[in-house]
Amino acid sequence: MSAPARSEQRGARELSLSGPDAAAAIALARPNGWMFSAWLLAHLAVSASLVALIVYYPQPPAVLLLSLALGSELHALTVLQHDCGHRNAYRSQAANLWVGRFLAFFVFLPFTSFTELHKQHHRFTGEPEKDPDEWYYAGGPRWLFLREGLFMPRFIKESLTARLPAPVRARVRRELAANVVLLTLLVGASLHYGFFAVVFYALLLPMAVLALVINPIARGYEHFPVALLDRDSPQRRNLANNTVTVHNRWLGLLWANIVYHVEHHLYPGVPFYRLPRLHRLLRERRSYLVEPYTLYSLFHRHTPLRRSVEPSTSTAP
C-alpha cells in the first residue's frame, strides 16, 4: 500500500516520520468502515437522545443547554463528513460520497464543494493567493473569529463561484438544491403539524450555535497563527508554524479528534479516530505547535505558542 497522502506544505518533509514510524503511519491510514460506522452511530445516538430530551422536556434553561450540546454534536458530524471527503471513512468511494452527503445536510452545505475546496486548503494552507480560507486570516486575529462566524453563508457563495470543473459545479448545484428542498419541507411540515418549537430548538438553534460560537472557536483556532503572521512571512506557509494541535483527550472525544490538526494536515489519509495514535508517534520526535486547550494563546498573551517536545535522540518506538 502506498504511503498516506501528505500535505505539500513547507515543513511537512521535516515533520514526516521515517523508518518504522513511517510504516506505522501507513498502517494507521487504512480506512476501517466498521470503526467509522460505530463512531457515526454513537454520535447519531447522542444527537437523537438530545433531540428526545428537547421534545419531552422543552423547558428553559434546560432546552437552551440541550441546544448548545446539539450544536457541539453538529460540529462532530461535520468532522465525520470531512473524513468522508478525505475518503477516510470507507474504502468504497460511493459510501464516502453518500454518507458524506447525508452528514453535510445537517449543516446545509454541499458535500462536493466542501471536499474540493478543502483539498486546496490542505495543499496551500497559509498561501495568500491560493488558500481558499485566506479571507478568514487576512483581517488579523481581531477579525478572525468574527469572520469564521460567517463561514456557512460565505462557503455557499464560494461553492457557487469557485472555479471547479463543469461536472463538479453541476454536482454542487444539485446538492445545494437538494438541501434547500429538504430543509423547506422539514420546516414547512413542522409548521403545519405544530412542531416548529422542536425544529427551532433541535435544528435551527443548534445550527446558530455551531455557526456563531463553536465554529469560530474550533475552526478559528486550528490555524490561528496564520492570522498573526505577515502575508509574506515564510512561517505562514510552514506546517510547523501555521497549524495548532490541541492535545486534549476530552476535546478530541467531543469533536472527533479534529483538534489534532497538525497531525491531520501532515497525514490527511489517517482517519480521525487514529489521530491520537499518530500524535504519540510524532510528539517525542518532532517540534510543532501544541497547546493544552482551545484558545490557549488568547488567554496567555504573554506566552508564545508552545512547542511540543524537541526531536528526541531516543531510538525507542
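See the structure shown above.
Here goes a summary of the coordinates provided.

Definitions and cut-offs
- Residues numbered from 1 in each chain as written.
- Predicted model: local features only at pLDDT ≥ 70, side-chain atom pairs only at ≥ 80, totals over all residues.
- Heavy atoms only, no water.
- 1 Å grid on protein atoms, 1.4 Å probe; cavity = no way out; pocket = protein on both sides within 12 Å on 5 of 7 lines; lining within 4 Å.
- Points joined across faces, edges and corners; volume = space filled by probe spheres on them.
- Helix = DSSP H or I, 4+ residues; strand = E, 2+ residues; numbered from the N terminus.
- Nonpolar A, V, L, I, M, F, W, Y, C, P; charged D, E, K, R; others polar.
- Core = buried A, V, L, I, M, F, W, Y, C linked by side-chain atoms within 4.5 Å.
- Buried < 20%, exposed > 50% of the residue type's maximum accessible area, 1.4 Å probe, protein only.
- Contact = heavy atoms within 4.5 Å.
- Polar contact = N/O pair within 3.5 Å; in protein donor to acceptor, adjacent residues only side chain to side chain.
- Axes fitted to C-alpha atoms, helices over the stretch in contact; angles between N-to-C directions.
- Parallel < 35°, antiparallel > 145°, perpendicular 65-115°, else oblique.
- Salt bridge = Lys/Arg side-chain N within 4 Å of Asp/Glu carboxyl O.

**A word on empty space enclosed by the protein**
Over the atoms a probe the size of a water molecule is rolled, and this reveals where empty space is left.
Now for step 1: Summed over all chains, the structure comprises two cavities of 30 Å³ or more.
Now for step 2: Taken as a whole, the largest cavity spans an internal volume of roughly 390 Å³.
Now for step 3: Lining the largest cavity we find 27 residues, and of these Phe114, His118, Asp133, Phe151 and Arg219 sit closest to its centre.
Now for step 4: Secondary structure elements with two or more residues in the lining of the largest cavity: helix H4 (62–85), helix H6 (111–123), helix H7 (134–138), helix H9 (151–161) and helix H11 (196–222).
Now for step 5: Sorting elements by how many residues they give to the lining of the largest cavity places H9 first, with five residues.
Now for step 6: A class-by-class count of the residues in the lining of the largest cavity yields 13 nonpolar, eight polar and six charged.

**Things to note about the nonpolar core**
Now for step 1: Of all hydrophobic cores here, the largest spans 76 residues; its most connected members are Leu17, Phe36, Leu40, Leu80 and Leu278.
Now for step 2: No other element matches H11, which puts nine residues into this core.
Now for step 3: Residues Leu50, Ile54, Val63 and Leu70 belong to the second largest nonpolar core, which totals six residues.

**Details of the layout of surface pockets**
Now for step 1: Its volume calculated, the second largest pocket comes out at about 320 Å³.
Now for step 2: Lining the second largest pocket are 16 residues, with Val51, Leu70, Phe106, Ala202 and Leu203 sitting closest to its centre.
Now for step 3: Elements with a contribution of two residues or more to the lining of the second largest pocket: helix H3 (33–56), H4 and H11.
Now for step 4: With five residues, H11 is the single largest residue contributor to the lining of the second largest pocket.
Now for step 5: Its residues placed into classes, the lining of the second largest pocket shows 14 nonpolar, one polar and one charged.

**Details of the environment of His247**
Now for step 1: With respect to the helices and strands, His247 occurs in the loop between strand E1 (245–246) and helix H14 (249–254).
Now for step 2: For His247, a relative accessible area of 37% puts it in the partly exposed group.
Now for step 3: On a C-alpha basis, the gap between His247 and Tyr293 in space is 7.0 Å, while along the polypeptide they are 46 residues apart.
Now for step 4: Excluding residues that lie within four positions of it along the chain, His247 makes contacts with Tyr260, His279, Arg283, Val290, Glu291 and Pro292.
Now for step 5: A distance of 3.3 Å separates polar atoms of two side chains, one belonging to His247 and the other to Tyr260.

**Considering the packing of H6 against helix H10 (residues 166–192)**
Now for step 1: Here H6 crosses H10 at 135°, and the two axes come no closer than 7 Å. The pairing of H6 with H10 is recorded here as oblique in orientation. Contact residues: Phe111, Thr112, Ser113 and Glu116 in H6; Val168, Arg171, Val172 and Glu175 in H10.
Now for step 2: Class assignment of the residues belonging to the contact of H6 with H10 gives a composition of three nonpolar, two polar and three charged.

**Details of unusual backbone geometry**
Now for step 1: The omega torsion of the bond from Pro60 to Pro61 falls at 0°, within 30 degrees of zero and hence cis.
Now for step 2: In the Ramachandran plot, Phe108 falls in the positive-phi region, its phi being about 60° despite a non-glycine side chain.
Now for step 3: A positive phi angle is found at Leu295, which is not glycine, with a value near 70°.
Now for step 4: By the secondary structure assignment, Leu295 is in the loop between strand E2 (290–291) and helix H17 (296–299).
Now for step 5: The buried category is assigned to Leu295, whose relative accessible area is 15%.

**Here's the deal with the pattern of salt bridges**
Now for step 1: Applying the stated criterion across every chain yields a total of eight salt bridges.
Now for step 2: The residue Arg101 makes a salt bridge to Glu175 at a minimum N-O spacing of 2.7 Å. Taken as a pair, Arg101 in helix H5 (residues 93–105) and Glu175 in helix H10 lie far apart in primary sequence, 74 residues in all. Note on accessibility: Arg101 and Glu175 belong to one class, buried.
Now for step 3: The salt bridge partner of Glu158 is Arg154, with a shortest N-O separation of 3.7 Å. Here Glu158 and its partner Arg154 are both found in helix H9, four residues apart, which amounts to about one turn of the helix.

Treat this as a map of the structure, not an account of what it does.
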